[in-house]
Amino acid sequence: MASCCGEVSSVKQDSIWSWFLCFCSTLCMVLTIGFAFSLGVLFPVFMEEFDESRERTAWVSSITMAVFMFLGPVMGAFVNRFGMRASIFLGCLSCAAGLALGSLAPNIYVLYFVFSVPFATGVSFIYLAAPVSVTQLFTKRRSFALGTVSAGQGLGTMILGPTLQALEDAFNWRNTYLIMAGVLAIVSFTGCFYGGRKQPLETKNSKRFSWNFSVWKNRKFRILIAMAGFENFCRIIPYVHLSSTLFLFLGFFAAAGRILAGILCDFRCVNSLFLLQGAVFMSAASIMSLVVVKTYPALASVVVLFSLADGLVVSSFTIELFNSVKESQRASSLGFILMGGGVFMFCSPPLSGLMADKFGNYTATFLTAGAVGVLGSAVPFVLLCMRKETDKAQDDQVFLEEIMDKDQTVFIKKEDESDDMTNSTSLVNLDPGKPVTLRTSQVRTAHERPVSFLWAMESPFYPSPS
């Protein structure tokens with residue numbers, strides 16, 4: 001069995017100890033990101049306590065979400081440099097400090113800075129370290145383990161939503177913050193079970209605190225980060241503006257969706273990209289349908305559909321992302337994804353609150369959010385087009401590889417006067433009609449260049465002889 005001081009890399013993959021560490025990661029996700037998504041329970045409490053509008057109150061959740069996502073690249077570099085143990089430990093302590101300071105806030109503006117910022121910083125630590133650690137601990141059941149860890153948000157919403165409401169009713173929100181701060185301070189010691197292994201970086205100096213910008217060369221990653229922005233704009237709105245009585249449905253079925261996506265993506269016949277696209281569309285459609293429901297059972301049914309779709313989105317997106325980049329790029333890629341989504345998530349709750357204040361209802365809010373989500377669901381079509389182009393490029397690559405592996409004999413002949421180029425393949429003038437042998441295999445060995453570069457250099461175009 002691995003000791004609490006051992007490295008993650010020393011733990012046998014898919015072992016009982018791996019599942020124990022997976023449980024620790026999930027617990028941290030429940031208490032941090034789950035709490036962040038349960039802040040909607042305290043939304044009316046803050047409005048009444050500080051006598052503020054929906055727009056200004058929504059900034060509490062908005063700043064929390066945006067800061068934790070903006071810090072994604074920084075935390076990705078931190079995980080690469082200092083490993084899982086420091087990330088988990090500091091993440092829980094930062095969240096605990098934010099809750100303790102937030103309980104002393106005299107007004108909503110102070111709450112923005114003393115609670116939202118430090119708490120969001122801690123969430124960013126956990127949100128980066130937890131899924132990355134799972135990729136090191138599992139091989140056979142990696143998708144299921146990723147689904148389990150990402151289910152921490154849904155489980156946290158399901159558990160902490162009613163819990164926060166009960167604690168607020170019994171002790172008021174300030175004492176509730178202090179209780180949660182104590183719990184997180186204790187949970188921070190689970191970080192001792194992780195090793196200090198750093199993510200492998202493709203640099204000569206692996207001890208350097210740096211960002212892995214090479215991931216931006218990946219076209220699929222650039223498309224996914226655009227998709228994350230649209231999806232994060234719409235998915236956060238129900239968590240902020242729906243009634244606290246619905247958080248049990250939100251949390252339970254979001255967790256179920258995450259685990260279900262992990263199970264499905266373990267099957268080879270399931271395409272995680274198609275699953276992601278369908279889930280994003282279902283999530284957006286369910287948000288738009290909130291404007292037509294009139295009864296509580298109908299509202300609960302729509303929330304169940306949204307929660308299930310949201311869970312499928314989170315897990316399938318993480319799996320698709322990690323399958324699209326190298327292991328050394330996973331922490332950095334997830335960090336950049338969070339930063340991109342944070343731009344949209346920063347604007348979404350206050351904008352939705354402003355529309356609700358102006359129109360007196362949430363019709364425009366839910367329709368706008370759903371429309372943005374539908375637009376995001378169309379983004380994977382770009383990935384499909386890119387995949388076709390990539391397959392064609394790979395076929396051309398194979399063809400050129402076959403050509404370059406053997407000597408080629410080319411006949412130079414005079415073309416018609418209408419053609420201003422000939423099929424010359426040398427850097428010197430060649431007589432038409434005479435065969436020329438190109439020893440491409442020797443050139444290829446001598447030069448470390450892509451095949452396309454070598455073929456272009458060995459097959460230049462020349463004016464046809466007059």
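Residues numbered from 1 in each chain as written. Predicted model: local features only at pLDDT ≥ 70, side-chain atom pairs only at ≥ 80, totals over all residues. Heavy atoms only, no water.

> Help me understand the overall build of the protein, please; the structure alone is not making it clear to me.
Within the protein, the regular secondary structure consists of 17 helices and 4 strands. Residue pairs at least 24 apart in sequence account for 84% of intrachain contacts in the protein once pairs closer than 6 positions are excluded. Total accessible area on the protein is roughly 20,800 Å²; 64% of this is exposed by carbon and sulfur atoms. (Helix = DSSP H or I, 4+ residues; strand = E, 2+ residues; numbered from the N terminus. Contact = heavy atoms within 4.5 Å. Areas by Shrake-Rupley, 256 points an atom, 1.4 Å probe, with all protein chains shown as cover.)

> Before we go on, may I ask you to explain unusual backbone geometry in this structure?
Peptide bonds are mostly trans, and most non-glycine residues show a negative phi. Even without a glycine there, the phi angle at Asp14 is positive, about 60 degrees. Looking at the secondary structure, you find Asp14 in the segment before helix H1 (16–31). A positive phi is found at Asp51, a non-glycine position, where the angle reads about 55 degrees. In this structure, Asp51 sits in the loop between helix H3 (43–50) and helix H4 (54–70). Residue classification places Asp51 among the exposed positions, given a relative accessible area of 70%. (Buried < 20%, exposed > 50% of the residue type's maximum accessible area, 1.4 Å probe, protein only.)

> I keep staring at a nonpolar patch on the surface and nothing clicks. Help me out?
Residues Phe70, Phe213, Trp216, Met339, Val343 and Phe344 make up a contiguous nonpolar surface patch of about 510 Å² in total accessible area. Considering the arrangement of structural elements, one finds Phe344 in helix H13 (residues 330–359). (Patch = residues over 30% accessible without salt bridge, like charges linked within 9 Å, V, L, I, M, F, W, Y side chains within 5 Å. Salt bridge = Lys/Arg side-chain N within 4 Å of Asp/Glu carboxyl O.)

> Can you walk me through empty space enclosed by the protein in this structure?
Rolled over the atoms, a probe with the dimensions of a water molecule shows which regions are left empty. Taken as a whole, this structure holds 3 cavities of 30 Å³ or more when the rule is applied. Taken as a whole, the largest cavity spans an internal volume of roughly 330 Å³. As for the largest cavity, its lining consists of 24 residues, of which Tyr127, Arg235, Val314, Phe317 and Thr318 are closest to the centre. Mapped onto the lining of the largest cavity, the elements with two or more residues apiece are H4, helix H6 (108–137), helix H7 (142–171), helix H9 (219–241), helix H11 (272–288), helix H12 (296–324) and H13. At 5 residues, the largest contribution of residues to the lining of the largest cavity is made by H9. Split by residue class, the lining of the largest cavity holds 18 nonpolar, 4 polar and 2 charged. (1 Å grid on protein atoms, 1.4 Å probe; cavity = no way out; pocket = protein on both sides within 12 Å on 5 of 7 lines; lining within 4 Å. Points joined across faces, edges and corners; volume = space filled by probe spheres on them. Nonpolar A, V, L, I, M, F, W, Y, C, P; charged D, E, K, R; others polar.)

> Is there a simple way to explain the packing of aromatic side chains in this structure?
For any pair of aromatic rings, the description rests on two quantities: the centre-to-centre distance and the angle between the ring planes. Per the counting criterion, the structure on display carries 29 aromatic pairs. Ring centres 5.2 Å apart and planes at 50 degrees place the aromatic pair Phe35 and Phe119 in the tilted group. Here Phe35, found in helix H2 (residues 33–37), pairs with Phe119, found in helix H6; they are 84 residues apart in sequence, far enough to count as distant. Overall, Phe119 belongs to the buried group, its relative accessible area being 0%. Residues Phe46 and Trp173 carry aromatic rings whose centres are separated by 5.2 Å and whose planes lie at 90 degrees to one another, so their mutual orientation is edge-to-face. With a gap of 127 residues between them, Phe46 in helix H3 and Trp173 in helix H8 (residues 173–187) connect regions that are remote in the sequence. Exposure class is identical for Phe46 and Trp173. Each is buried. Taken together, Phe35, Phe46, Phe50, Phe115, Phe119, Trp173 and Tyr177 form an aromatic cluster joined through their ring pairs. Looking at Arg81, its charged tip hangs above the ring of Phe82, at a distance of 4.9 Å from the centre. (Phe/Tyr/Trp six-rings, centres within 6.5 Å; stacked < 30°, edge-to-face > 60°. Lys NZ or Arg CZ within 6 Å of the ring centre and 35° of its normal.)

> Help me understand the pattern of salt bridges, please; the structure alone is not making it clear to me.
Note on pairing: side chains with opposite charge can pair once their charged atoms come close. Tallied over the full model, the rule gives 7 salt bridges. A salt bridge links Arg56 to Glu52; its shortest N-O distance comes to 3.4 Å. Exposure remark for Glu52: the relative accessible area of 17% places this residue in the buried category. Between Asp266 and Arg141 there is a salt bridge, with the nearest N and O atoms lying 3.9 Å from each other. Here Asp266 is found in the loop between helix H10 (247–264) and H11, whereas its partner Arg141 is found in the loop between H6 and H7, with 125 residues between them in sequence. Judged by relative accessible area, which is 25%, Asp266 ranks as partly exposed. By sharing partners, the salt bridges in this structure join Arg235, Arg258 and Asp310 into a single network.

Function-wise, these values are silent; they only describe arrangement.
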